[in-house]
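# Results of the structural survey
Okay, here's what each chain looks like letter by letter:
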Amino acid sequence: MQISVVVPAHNEQENLPVLLDQILNAIPTGLHEIIVVDDGSTDDSLALVKAASYSDRRIKYIGFSRNFGHQTALRAGLRAATGDCVITMDADLQHPPRLLPDLVSKWREGYKIVLTIRKDVENLSGFKRLTSSLFYKLMNSVSDVSIDPGSADFRLLDRKVVDVINNLSEHDFFLRGIIPWVGFPATKIDYTPDQRLYGSTKYSLRKMISFAITGVIASSVQPLRLATILALIIASLSALYAMYAMMIFLTYGRVVPGWTSVALVVSVIGALQLFVLGVVGEYVGRILRETRNRPGYVISQSNIDRAGE
Ligand code: UDP
Ligand code: MG
């Protein structure tokens, strides 16, 4: 039973040595490889992992040519991993390596997917807790699959599941939505996340917003229905308004048209139209990206031969 561990890392030079050490100690037997995907770090992250790979051949690295993003780094790692199961975890030690034996033992029981569910605790900032809970509410209200709140990209996937994921050709990669889509028997482990050991979050607000939009749009076409729903609502309201206008006209004869109501109607409908256009635009842009069919990332260096495939 060979275990692969995939770690996406962006400027994590202080955390990586501690993390590698803890993983090696947590899984003394059966560890096949640790693949660190360096997502365009500008610090010494890659150099550190490289140095570690000389002393332990199980340590492998994939260096991106620039920052392509966390989800893309996960994808590259899943493609390169060759173990019978693959564990993905963050580099900042918020996903505690001491949990690894539990993940592996659940897998040995026969589960093909072992998820971890983060318990909301003081270790997370109020902002992170708020945005995370909003995100999962939004996701679950629009998306076709249900995603557990607090599920982060810390999980174990059996080879079968990894093969299914690797065969997906989509570029818009949102792993949290893909996992429930794949199916297979899954189980969950609750855990309390630790505090980020060193440094600060690598998810800027911009990255978080883009992550949320990708999450919704990659897992669902529900937002497109918004136009239809809005149209129905506005049609019913305008029918009422037309009746009201007729009534006024019949009661008072000739009427002076009101500026306020016209201005209101024009601006509300104008805003709604732009909003719906924006939603459609998000999808169209993504269709363009998919049809262009560029590779999702560019690897500049790696000690894995077939990493670029
Ligand atoms: N990460 C990455 N590319 C990025 C941003 C983040 O590979 O563009 C990595 C980061 O190094 C970490 C993981 O993704 O291992 C999660 O990021 P972070 O801990 O900053 O996010 P948070 O826990 O604050 O949501
Ligand atoms: Mg983190």
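Below you will find a few notes about this structure. No experiment lies behind these values; they were computed from the predicted model shown. (Residues numbered from 1 in each chain as written. Chains lettered and ligands numbered in written order. Predicted model: local features only at pLDDT ≥ 70, side-chain atom pairs only at ≥ 80, totals over all residues. Heavy atoms only, no water.)

Looking now at the sheet that holds strand β7 (residues 186-191). Strands sit in the order β7-β5-β6-β4-β1-β2-β3-β8 across an open sheet of 8 strands; the sheet is mixed. Every interior strand has two partners, whereas the edge strands, β7 and β8 (299-302), have only one. Each strand axis lies, on average, 20° off the axis of its neighbour in the sheet, ignoring direction. Looking at chain direction, strand β4 (residues 85-88) and strand β6 (residues 151-158) are connected through 4 bridges and run antiparallel. Within the sheet, the bridge partner assigned to Cys85 lies in β6 and is Asp158. (Pairing = 2+ DSSP bridges. Helix = DSSP H or I, 4+ residues; strand = E, 2+ residues; numbered from the N terminus. Axes fitted to C-alpha atoms, helices over the stretch in contact; angles between N-to-C directions.)

The protein atoms that coordinate the magnesium ion (ligand 2) are Asp92 (OD) and Gln94 (OE1), at distances of 1.9 Å. For Asp92, a relative accessible area of 3% puts it in the buried group. (Donors = N, O, S within 2.8 Å, 3.2 Å for Na, K, Ca; no water. Buried < 20%, exposed > 50% of the residue type's maximum accessible area, 1.4 Å probe, protein only.)

Now for the site of ligand 1. Neighbouring ligand 1 are 18 residues; Glu12, Asp39, Asp92, Thr201 and Lys202 lie closest to it. A distance of 3.1 Å separates an oxygen atom of ligand 1 from a polar atom in the side chain of Asn67. Measuring from an oxygen atom of ligand 1, one finds a side-chain N or O atom of Lys207 at 2.8 Å. Burial of ligand 1 by the surrounding chains reaches 93%, relative to a free accessible area of 530 Å². Residues of the shell around ligand 1, tallied by class, amount to 4 nonpolar, 6 polar and 8 charged. (Near = heavy atom within 4 Å. Polar contact = N/O pair within 3.5 Å; in protein donor to acceptor, adjacent residues only side chain to side chain. Areas by Shrake-Rupley, 256 points an atom, 1.4 Å probe, with all protein chains shown as cover. Nonpolar A, V, L, I, M, F, W, Y, C, P; charged D, E, K, R; others polar.)

This part takes up the pattern of salt bridges. On inspection of all chains with the given rule, the structure shows 11 salt bridges. As a salt-bridge pair, Asp163 and Arg159 come within 3.0 Å of each other at their nearest N and O atoms. You can see Asp163 and its partner Arg159 sitting in helix α6 (residues 159-166), 4 residues apart, about one turn around the helix. Classification of Asp163 by relative accessible area gives partly exposed; the value is 34%. Bridged by salt links that share partners, the residues Asp172, Glu282, Arg286 and Arg289 form one connected network. (Salt bridge = Lys/Arg side-chain N within 4 Å of Asp/Glu carboxyl O.)

This paragraph deals with the nonpolar core. Val5, Val7, Ile23, Ile87 and Leu100 are the most contacted members of the largest nonpolar core, which totals 34 residues. Counting residues per element, this core draws most heavily on helix α1 (residues 15-26), at 5 residues. Of all hydrophobic cores here, the second largest spans 27 residues; its members include Ala73, Ala80, Ala81 and Ile304. (Core = buried A, V, L, I, M, F, W, Y, C linked by side-chain atoms within 4.5 Å.)

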